Amino acid sequence: MKPRTMFEKIWNAHIVREVPGEATILYIDTHLVHEVTSPQAFEGLRLAGRKVRCPHLTFATMDHNVPTTDRSLPITDLIAAKQIETLAKNCSEFGITLYDLHSAKQGIVHVIGPELGITQPGKTMVCGDSHTSTHGALGALAIGIGTSEIEHVLATQCLLQQRSKTFEINIEGQLSHGVTAKDIILSIIGKIGIGGGTGTVVEYSGSTIRSLSIEERMTVCNMSIEAGARAGMVAPDDTTYEYLADREFSPKGEAFNRAVERWNRLRPDEGASYDKSISIDAKTLAPQVTWGTNPGMVTDVTGVVPDPDDMPTLDEKNAVQRALEYVNLTPGTQMTDVQVDRVFIGSCTNSRITDLRAAAETAKGRKVAPTVNALVVPGSQAVKRQAEAEGLDGIFRAAGFEWREAGCSMCLGMNPDILMPGQRCASTSNRNFEGRQGKGGRTHLVSPQMAAAAAIAGHFVDVRTWE
Amino acid sequence: MEPFRKHTGLCVPLNRINVDTDQIIPKQFLKRIERTGFGAYLFHDWRFLDTGELNPDFVLNAPRYQGASILVAGTNFGCGSSREHAPWALQDYGFAAVIAPSFGDIFRNNCYKNGLLPVVLSEDISADLIRQIEAQEVYRLTIDLESQKVIQSDGTAHAFEIGDFQRQCLLNGLDEIGWTLQFESSIAEYESGREVY
């Protein structure tokens, strides 16, 4: 048999119907739902008199627009409150498990899926959110979908798809101290561009990827969509199985051993061919900082703001010019001279316990600069409890960071956590688009260590040499 | 969904690359639970000044482009977030089609589901169309999905590719859920052999 990629194996195992000239009907093992992109889908079901085919394969939580302040208080944003209430009503009507605002399991949908063991190797997963690619860190094929597709999956437990192309990104070698998973993915996006993965599913491979923890792999897979890819995946290995053992929804005992045997077969076959491949040498990577208005506008922390005149095409020159006007930076400025007003540590990219540990280690015994307001938002209630058990909240608070409840928060500012016009933010999130964190706000994407260091220094610093 | 067969309409150029869905419909407008009414917020932060007035420098606000139904944009249009509010907003504003050299994958799928046609034309042709639209006071194009062609008023035609299935869905205004459910027995059969752990 022809050697197969991991994508091909998972895809083939989920085909319900594949006929030339038609979309493939692909079976979906897990559907994750949140409050912002689902109300119109449930309404569509009601209008058509349809049911949710597999409520037991569907899990919901509230994360996008939820306040990160005291949860015992009423939500002041009435439109957000209605959306939250609508999800609760829909889950109750259609029999779907919901981790609501008062659940100990609430959190960002892409944080709680893996945390609860819902995310597993070889599964097909969807969610009405582009960062669904996160779940690929455990070897799942996880695809972000729109609201019509949510309705389709709710009604049929299947998704209509065209087979994607495959893209292997191989990363070899050891990362330097201070260089993280976030820097790997930002530098990949910088290299291939924000459309570089369009139409493909990425499989990350190589010794560097193998050496990463599951949470670090999640950071890499999470931002696959920022290169345009449908999904990003890492083949399961012992690190994956150690992570999954004893999670709530993981198989137990003998069933777990049988699952591991199956999961082992998901790895790409020797000699499997990809539509596209690139290789990256981890030794060459430095901490990254974005300077513009998309994640591909990124440079090493030792770099400078580029000159639009150096761009290869007129389109790119215009784009860079516009971006620099928006972020108010001048070509040639050293990134380490760029001062920040706000710092956000959180989001489905970097809000897990290892992210918070790394940021806390940087912040320990230091003080946030008086000119900076800094926020730490754990990815889930479980992450929050764990961090508090380890005393990380104390470290952050003593340093002058605010410590909040779990949610998407200032990654997209659908709740009250937003930038004011003109404010500049070092953010561990995934998008530095215009207005993403608040109209007129300027976002620089960095790793948790880089964000914590910027909070303290008041400007970007190279964490490799910073004392 | 309304079928899309052939459309002739006024064009507006958006000569920018990588227009993301956060620009098409900013997050503060995603809290509504309806599918309708998003057109008022399309390109909100570009279309409106901080005072709430229309931004006279933004191309969509130019008097000559009022009533436009075809948007011609730069490469990678609709990248970013999966929000289907983006095609809803474009359609609610009055757009029937978007022409660009490439699209974000999720955005493109979302367009198909709503009968908004994403048309891929090469960078050269797209750029040329943008130049022509800018140069001419009233510039119309015809998009014929049946023959898969974008036709200029002088008769020049540009062929475009689209998957057979998407094309049929758009031409017939097909309910995809209904389409899939005709294979319900195949789904049930798959489920009976599915590994559960």
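To be clear, the structure that these remarks concern was listed above.
Quick caveat, the model's predicted, so the values are computed rather than measured.

Asks: Explain the overall build of chain B here, please?
Replies: Within chain B, the regular secondary structure consists of eight helices and seven strands. C-alpha extents for chain B along the principal axes are approximately 60 × 45 × 25 Å. Within chain B, the proportion of its 197 residues that are buried is 57%. Across chain B, the fraction of contacts at a sequence separation of at least 24, relative to all contacts at a separation of at least 6, is 66%. If you sum the accessible surface of chain B, you get close to 8,000 Å²; carbon and sulfur atoms cover 46% of it.

Asks: Can you help me understand the state of the cysteines in this one?
Replies: Structurally, a disulfide amounts to a covalent bond that connects the sulfur atoms of two cysteines. Residue and element names in this part refer to chain A. Tallying each qualifying case throughout the model produces zero disulfides over all chains. In this structure C91 is a free cysteine whose sulfur lies 12 Å from that of C127, the closest cysteine sulfur available. Lacking any disulfide linkage, C425 is separated from the closest cysteine sulfur, that of C411, by 10 Å. Using a relative accessible area of 0% as the deciding quantity, one classes C425 as buried.

Asks: Could you clarify how one ought to interpret the interface of chain B and chain A in this entry?
Replies: Interfaces are often described in size by the accessible area the parts lose on coming together. Contact residues are listed per partner, giving 56 residues for chain B and 73 residues for chain A. With a closest N to O distance of 3.2 Å, D50 of chain B and K439 of chain A form a salt bridge. Between chain B and chain A we count 27 residue pairs in polar contact (both at pLDDT 80 or more) in total. For the side of chain B that touches chain A, the secondary structure elements donating two or more residues are α1 (21-24), α2 (44-47), α3 (85-93), α4 (105-114), α6 (164-172), α7 (176-181) and α8 (184-192) of chain B. Residues that form the side of chain B that touches chain A fall into these classes: 20 nonpolar, 15 polar and 21 charged.

Asks: How do you make sense of the sheet that holds strand β12 (residues 276-281) of chain A when you look at a structure like this?
Replies: Residues and elements named next belong to chain A. Judged by pairing direction, the sheet is parallel, and its four strands sit side by side in the order β11-β10-β9-β12 without closing on themselves. Strands with a single pairing partner mark the edges of an open sheet, and in this sheet they are β11 (231-234) and β12. Pairs of neighbouring strands in the sheet enclose a mean axial angle of 20°, with direction left out of account. The pairing of strand β9 (residues 165-172) with strand β10 (residues 200-205) spans six bridges and is classified as parallel. Bridge pairing in β10 links F167 to V202. The strands touched by helix α8 (residues 214-222) within the sheet are β10 and β11, with β11 carrying the most contacts at an inclination of about 155°.

Asks: Just checking my understanding: could you explain a negative patch on the surface for this structure?
Replies: Residues D315 and E316 of chain A together with E123 and D124 of chain B make up a contiguous surface patch of negative charge. Of all the elements in the fold, those that place two or more residues in the negative patch are α11 (314-327) of chain A together with α5 (123-135) of chain B.

Asks: Explain the pairing of strand β2 (residues 70-73) of chain B to me, please; I cannot follow it from the model alone.
Replies: Regular strands have side chains that alternate between both faces of the sheet. Residue and element names in this part refer to chain B. Burial of the side chains of β2 extends over both faces: I70 and V72 are buried on one face and L71 and A73 on the other. Bridging between strand β1 (residues 6-14) and β2 involves four bridges; their strand directions are parallel. Across the sheet, residue V12 finds its bridge partner in β2, namely L71. Strand direction decides the pairing type here: β2 and strand β3 (residues 97-100), joined by three bridges, are parallel. Within β3, the position partnered with V72 by the bridge is I99. Regarding the hand of the β-α-β motif, the stretch spanning β2, α3 and β3 is right-handed.

Asks: Mind showing me how you'd approach the sheet that holds strand β7 (residues 141-144) of chain A here?
Replies: As a general point, the strands of a sheet are linked pairwise by backbone hydrogen bonds and lie either parallel or antiparallel. Residue and element names in this part refer to chain A. Read across the open sheet, the five strands follow the order β5-β4-β3-β6-β7; overall the sheet is parallel. Every interior strand has two partners, whereas the edge strands, β5 (97-99) and β7, have only one. Going across the sheet, the axis of each strand differs from the next one's by a mean of 20°, ignoring polarity.

Asks: Is there a simple way to think about the packing of aromatic side chains in this case?
Replies: Describing an aromatic ring pair means giving the distance of the ring centres and the angle of the ring planes. Residue and element names in this part refer to chain A. In this structure the tally under the stated criterion is 19 aromatic pairs over all chains. A connected cluster of aromatic rings, assembled from ring pairs, spans Y241, F256 and W263. Directly above the aromatic system of Y243 lies the positively charged group of R247, at a separation of 3.8 Å from the ring centroid. The cationic tip of K276 hangs over the ring face of F167; the distance from NZ or CZ to the ring centre is 4.8 Å.

Asks: What's the story with the packing of helix α2 (residues 39-48) of chain A against helix α5 (residues 147-156) of chain A in this structure? I'm lost.
Replies: Helices that pack against each other are described as a pair by the angle of their axes relative to one another and the distance between those axes. All names here are of chain A. In the contact formed by α2 and α5, the axes pass within 8 Å of each other and the chain directions differ by 50°. If you check the angle between α2 and α5, you find them oblique. For the pair α2 and α5, the crossing hand works out as right-handed. Together, Q40, A41, F42, G44 and L45 of α2 and T147, I150, E151, L154 and A155 of α5 make up the contact between the two elements.

Asks: I tried to follow helix α12 (residues 353-363) of chain A on my own but got confused; where do I start?
Replies: What sets the pattern is the α-helix's 3.6 residues per turn: residues three or four places apart point alike. Residues and elements named next belong to chain A. For α12, the buried fraction is high: eight of the eleven residues fall into the buried class. Along α12, the residues that are buried comprise I353, D355, L356, A358, A359, A360, T362 and A363. Just downstream of α12 lies G365, where phi reads positive at about 75°.

Asks: Could you clarify how one ought to interpret unusual backbone geometry in this entry?
Replies: Backbone phi values are negative for most residues with the exception of glycine, while trans is the configuration of most peptide bonds. In this model, S409 of chain A sits at a positive phi of 55°, which is unusual for a non-glycine residue. Structurally, S409 of chain A can be placed in the loop between β17 (401-403) and β18 (424-427). Classification of S409 of chain A as buried rests on a relative accessible area of 0%. Backbone geometry places N76 of chain B, a non-glycine residue, at a positive phi of 60°. For N76 of chain B, the position within the fold is in the loop between β2 and α3.

Asks: Can you help me understand the nonpolar core in this one?
Replies: If you look at soluble globular proteins, the nonpolar side chains tend to sit buried side by side. Counting residues in hydrophobic clusters, the biggest one holds 109 residues, and the most contacted among them are F401 of chain A together with F43, F77 and L90 of chain B. Counting residues per element, this core draws most heavily on helix α15 (residues 448-457) of chain A, which supplies seven residues. Look past the residues within four positions of F43 of chain B in its chain and what remains in contact with it is L14, V19, Q23, I24, F58, L60, L71, F77 and L90 of chain B. One finds I28, V126, M233 and Y243 of chain A within the second-largest nonpolar core, a separate group that totals 73 residues.

Cut-offs and rules
Numbers given for residues are sequential positions, taken from 1 along each chain in its written order. Think of it this way: whatever chain is written first is A, whatever ligand is written first is 1, and the rest follow in order. Two thresholds apply to this predicted model, a pLDDT of at least 70 for residue-level local features and 80 or more for giving and counting side-chain atom pairs, whereas whole-chain, interface and lining totals are computed over all residues. The side-chain figures draw on all heavy atoms in the structure; neither hydrogens nor water molecules are used. Per the convention used, a helix needs a DSSP run of H or I reaching at least four residues, while a strand needs a run of E reaching at least two, with both numbered from the N terminus. Any residue under 20% of the maximum accessible area for its type is buried, any over 50% is exposed, and the rest in between are partly exposed; the area is computed with a 1.4 Å probe on protein chains only. Contact between two residues is taken to exist if any of their heavy atoms lie within 4.5 Å; hydrogens are not considered. In these tables, accessible area is a Shrake-Rupley quantity obtained with a 1.4 Å probe, and a residue counts as shielded only by the protein chains included in the view. When two cysteine sulfur atoms lie within 2.5 Å, the pair is treated as a disulfide. Should a side-chain nitrogen of Lys or Arg be within 4 Å of a carboxyl oxygen of Asp or Glu, the pair is scored as a salt bridge. Identification of polar contacts relies on pairs of N or O atoms within 3.5 Å, with a donor-acceptor requirement for protein atoms, meaning one able to donate a hydrogen and the other able to accept it, and with residues adjacent in sequence counted only if both atoms are side-chain atoms. Note that Gly is not counted as nonpolar here; it falls among the polar residues with everything else outside the nonpolar set of Ala, Val, Leu, Ile, Met, Phe, Trp, Tyr, Cys and Pro and the charged set of Asp, Glu, Lys and Arg. Here, strands pair whenever DSSP counts at least two bridges between them. Angular values range over 0 to 180 degrees, each being the angle between N-to-C directions of two axes fitted as lines to C-alpha atoms, with helices fitted over their stretch in contact. Two joining distances apply to patches: 9 Å for like charges and 5 Å for nonpolar side chains (Val, Leu, Ile, Met, Phe, Trp, Tyr), and every residue must have over 30% relative accessible area and no salt bridge. For the purpose of charge, His is not counted, nor are the chain termini; Lys and Arg are scored as positive and Asp and Glu as negative. Here the site of a charge means atom NZ of a Lys, CZ of an Arg, CG of an Asp or CD of a Glu. If the strands point away from the viewer and the path from the first strand over the helix to the second runs clockwise, then the crossover is right-handed. In this scheme Phe, Tyr and Trp rings, the latter by its six-membered ring, pair at centre separations within 6.5 Å, and the angle between planes marks the pair as stacked below 30 degrees, edge-to-face above 60, and tilted otherwise. We call a charge positioned above a ring when the Lys NZ or Arg CZ atom is no farther than 6 Å from the ring centre and deviates by at most 35 degrees from the ring normal. Working definition: roughly parallel below 35 degrees, roughly antiparallel above 145 degrees, roughly perpendicular at 65 to 115 degrees, and oblique for all remaining angles. Less than a right angle of anticlockwise turn of the near helix away from the far helix marks a crossing as left-handed, whereas a clockwise turn marks it as right-handed. Joining through side-chain atoms within 4.5 Å is the link that ties buried Ala, Val, Leu, Ile, Met, Phe, Trp, Tyr and Cys residues into a set, and such a set is a nonpolar core.

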